[in-house]
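The residues making up each chain are set out below.
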Amino acid sequence: MHVSRRILLASSVAAAAATVPATARAEERRHATLDRDPFTLGVASGDPAEDGVVLWTRLATDPLAEDGMGGMPDAVIDVAWEVASDERFRHRVAAGREQARPDRGHSIHIELTGLDPNTEYHYRFKVGHWLSPNGRTRTAPARDSMPEQLRMSFASCSQYEHGYFTAYRHIADSAPDLILHLGDYQYEYKKGMYLSADGNVRDHEGPETVSLANYRQRHAQYKTDPDLQAAHAVAPWLVVWDDHEVENNWAGEVPEETSETPNREDFLARRAAAFQAYWENMPLRRSSVPEGIDMQLYRRVEWGRLARFHMLDTRQYRDDQACGDGWHSECPDVHDESRSITGGAQEDWLIDGFHSSRARWDLLGQQVFFAQRDSDIGPVKRTSTDAWDGYTASRDRIVQGWVDAEVRNPVVLTGDVHTHWACELLADFDDPDSKRVGVELVTTSISSGGDGVDSVPEDNQALQANRHIKFRNAQRGWVQTTITPEQIDVDFQVVPFVTEQDAPAYTRRSYTVADGDRTLHQTYDRPVERSVITESTDPFAGSDENADDTVR
Ligand code: FE
Ligand code: CA
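In this report, the structure presented in the accompanying data block is examined.

Definitions and limits used
Residues numbered from 1 in each chain as written. Chains lettered and ligands numbered in written order. Predicted model: local features only at pLDDT ≥ 70, side-chain atom pairs only at ≥ 80, totals over all residues. Heavy atoms only, no water. Helix = DSSP H or I, 4+ residues; strand = E, 2+ residues; numbered from the N terminus. Rg over C-alpha atoms; globule rule 2.2 N^0.38 Å. Buried < 20%, exposed > 50% of the residue type's maximum accessible area, 1.4 Å probe, protein only. Contact = heavy atoms within 4.5 Å. Areas by Shrake-Rupley, 256 points an atom, 1.4 Å probe, with all protein chains shown as cover. Lys, Arg positive; Asp, Glu negative; His and termini not counted. Charge placed at Lys NZ, Arg CZ, Asp CG, Glu CD. Disulfide = S-S within 2.5 Å. Axes fitted to C-alpha atoms, helices over the stretch in contact; angles between N-to-C directions. Parallel < 35°, antiparallel > 145°, perpendicular 65-115°, else oblique. Left-handed = near helix turned anticlockwise from the far one by under 90°. Nonpolar A, V, L, I, M, F, W, Y, C, P; charged D, E, K, R; others polar. Pairing = 2+ DSSP bridges. Core = buried A, V, L, I, M, F, W, Y, C linked by side-chain atoms within 4.5 Å. 1 Å grid on protein atoms, 1.4 Å probe; cavity = no way out; pocket = protein on both sides within 12 Å on 5 of 7 lines; lining within 4 Å. Points joined across faces, edges and corners; volume = space filled by probe spheres on them.

**Quick look at the overall build of the protein chain**
From N to C terminus, the protein chain includes 10 helices and 24 strands. Relative to the 2.2 N^0.38 estimate, which gives 24 Å for 552 residues, the radius of gyration of the protein chain is 23 Å and therefore close to what a compact globule would have. By its C-alpha atoms, the protein chain is 75 × 50 × 50 Å across when sized along the principal axes. For the protein chain, buried positions account for 61% of its 552 residues. Counting contacts in the protein chain only where the partners sit at least 6 residues apart, residues at least 24 apart contribute 71% of the total. Total accessible area on the protein chain is roughly 20300 Å²; 47% of this is exposed by carbon and sulfur atoms. Across the protein chain, the 58 positively charged side chains and the 92 negatively charged ones have centroids separated by 7 Å.

Right under this line is the structure:
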């Protein structure tokens, strides 16, 4: 596959060169001295609108360079880009040039406008005689249209050391219209600090990420992964971070308890560095360019009148976790009305967005578990203070917001916990028969946690103590959805292993959520072929917050 692609790229160089204006050619020669391919990090697109999308690449001839500069000279590099309606670039619809600047890690963000709605496009970049891989992207449907369907996949938690990103490869092969990444795109640890139960299969480069150079180097290492590159090149992404893009379980301006940067000023500098590198390495709009310690990541994306995506940031503005983080049965602070996981401004923005929505489906793309999860099967309630359970008043206000706004179909999309879950959201989680107010779909990790297991004996008890939770699986994978005006079809996708390459993928469980119904209807269950139960495991452990605590 790689060989044929190289040949295709080589043959298209001549065609592209012929169309570059003469005035640009002299400048291009000046930079043709890059004697190695600068397109080692692939290409990406993101944040589609009805008239455009963001195109991304970042130049790096030596991606793992310790200084984070990817082997690039300390100079501005001219990059040509083009967009075509066909994959052979015969019908060019837009082209231009952009400067890759060292103070932006030689990243390129092209915010396209003037494209047709609901249309597939192809794009590529060129520096000197080097041509990037081709990317495929698409614009969102026209605002007033009702698209027949949207094929959207979502993923989270890709720990490079824990396994191969085979699930990303399968996402690429399924060529969805849109891909959401809900956080833990990369991990901050130095090599071997976070061990998977199955043993790490490859190593992080560099120290625990603290400085801008560290974060740039780590992002570059992740972006060299061919499976991740394939997933970026196949469709536009909507990304939001969780904690590990900065530091495990950071909260607002408060670092983790065992932080490398325990001092507040040091942590804020670290946060700013992490934000800068995140922006540089993601297909985000100018509106997300960081300013000091702040970065505007929460935003909305419309898919015609079919879907409205509210992409949330539950890290940057949250109050510190109650009771020092972890799982607690006695922690009155989790119910404190004054505590928030979104911050007041984002909460107002979100509730305004419910009221102004004309969408059939309102999807909340966000980080941490939304539904109540009681890990005690007896009368005691024991919950995680890092999740929405640690901010119950905040959760209640948002649910009341969508109930008051009469949101037709609220769907919460979640990552973080390295396990698949399917939940119905209740008006009162302590009353299993209370009104259904929405559904939550939680994706497992791409690789974090290693191979994982299909189920553990305690699962059934755990689900009995949480009757609104219908499904749990602790293998690796992603969730794919097909969204139509009538229903959402949900497939929980699994790869049976990540410690070796080339795992197959299969659907483990499927549900349908009908328009206006807010309940999960199981439509498929794959019989479990092998017994994967090797030890008694707390089904609520293995969650990101717990796993990471144990490595320290
Ligand atoms: Fe994670
Ligand atoms: Ca996390």
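Continuing now.
**Focus: helix H3 (residues 166-174)**
Within H3, burial applies to Thr166, Ala167, Tyr168, His170, Ile171 and Ala172. Those residues of H3 that are buried are in contact with strand S9 (150-155), strand S10 (178-181), helix H5 (226-234), strand S11 (237-239), strand S21 (469-483) and strand S22 (487-495). Just downstream of H3 lies Ala175, where phi reads positive at about 40°.

**A look at the state of the cysteines**
Scanning the entire structure with this criterion turns up 1 disulfide. Residue pairing for Cys323: its cysteine sulfur links by disulfide to Cys331, the two sulfurs lying 2.0 Å apart. Here Cys323 and Cys331 share a disulfide; its torsion about the S-S bond, 100°, makes the bridge right-handed. Cys157 provides the cysteine sulfur closest to Cys423, a residue in no disulfide bond, and the two sulfurs are 16 Å apart.

**Things to note about the packing of helix H7 (residues 344-355) against helix H8 (residues 392-404)**
Their axes nearest at 8 Å, the elements H7 and H8 cross at an angle of 20°. Taken together, the axis directions place H7 and H8 in an arrangement best described as roughly parallel. For H7 against H8, the interelement crossing comes out right-handed. In contact with Glu347, Leu350, Ile351, Phe354 and His355 of H7, H8 contributes Ser394, Arg397, Ile398, Gly401, Trp402 and Asp404. Of the residues that constitute the contact of H7 with H8, the class distribution is 5 nonpolar, 3 polar and 3 charged.

**A look at the pairing of strand S13 (residues 307-311)**
For S13, the buried fraction is high: 5 of the 5 residues fall into the buried class. Residues Ala307, Phe309 and Met311 of S13 are buried on one face, and the alternating residues Arg308 and His310, pointing to the opposite face, are buried as well. Where strand S12 (residues 299-303) lies against S13, 5 bridges are found, and the strand directions are antiparallel. Counted as the bridge partner of Trp303 is Ala307 from S13. Between the antiparallel neighbours S12 and S13 lie 3 residues, among them Gly304 with a positive phi of about 55°.

**Concerning the nonpolar core**
Counting 69 residues, the largest nonpolar core has Leu150, Met152, Tyr168, Leu180, Phe309, Leu363 and Leu413 as its most contacted members. Ranked by residues supplied to this core, first place goes to helix H6 (residues 264-281) with 8 residues. Setting aside residues up to four positions removed in sequence, Phe309 forms contacts with Leu150, Met152, Leu178, Leu180, Leu238, Arg299, Arg300, Val301, Trp303 and Leu363. Grouped together as the second largest cluster of nonpolar side chains are 34 residues, Leu312, Val399, Cys423 and Leu426 included.

**As for empty space enclosed by the protein**
On inspection of all chains with the given rule, the structure shows 1 cavity of 30 Å³ or more. Taken together, Trp361, Asn409, Pro410, Val411, Val439, Val513, Ala514 and Arg518 make up the lining of the largest cavity. Those elements that provide at least two residues to the lining of the largest cavity are strand S17 (410-414) and strand S23 (506-514). Within the lining of the largest cavity, the residues separate by chemical class into 6 nonpolar, 1 polar and 1 charged.

**Focus: unusual backbone geometry**
Within the chain, Asn118 stands out as a residue other than glycine whose phi angle is a positive 50°. The phi torsion at Asp502 lies on the positive side, around 65°, for a residue other than glycine. One can find Asp502 in the loop between S22 and S23.

**Focus: the environment of Phe471**
Topologically, Phe471 is positioned in strand S21. With a relative accessible area of 3%, Phe471 lands in the buried category. On a C-alpha basis, the gap between Phe471 and Thr419 in space is 10.0 Å, while along the polypeptide they are 52 residues apart. In contact with Phe471, not counting residues within four places along its chain, are His420, Trp421, Ala422, Leu463, Phe492, Arg508, Arg509 and Tyr511.

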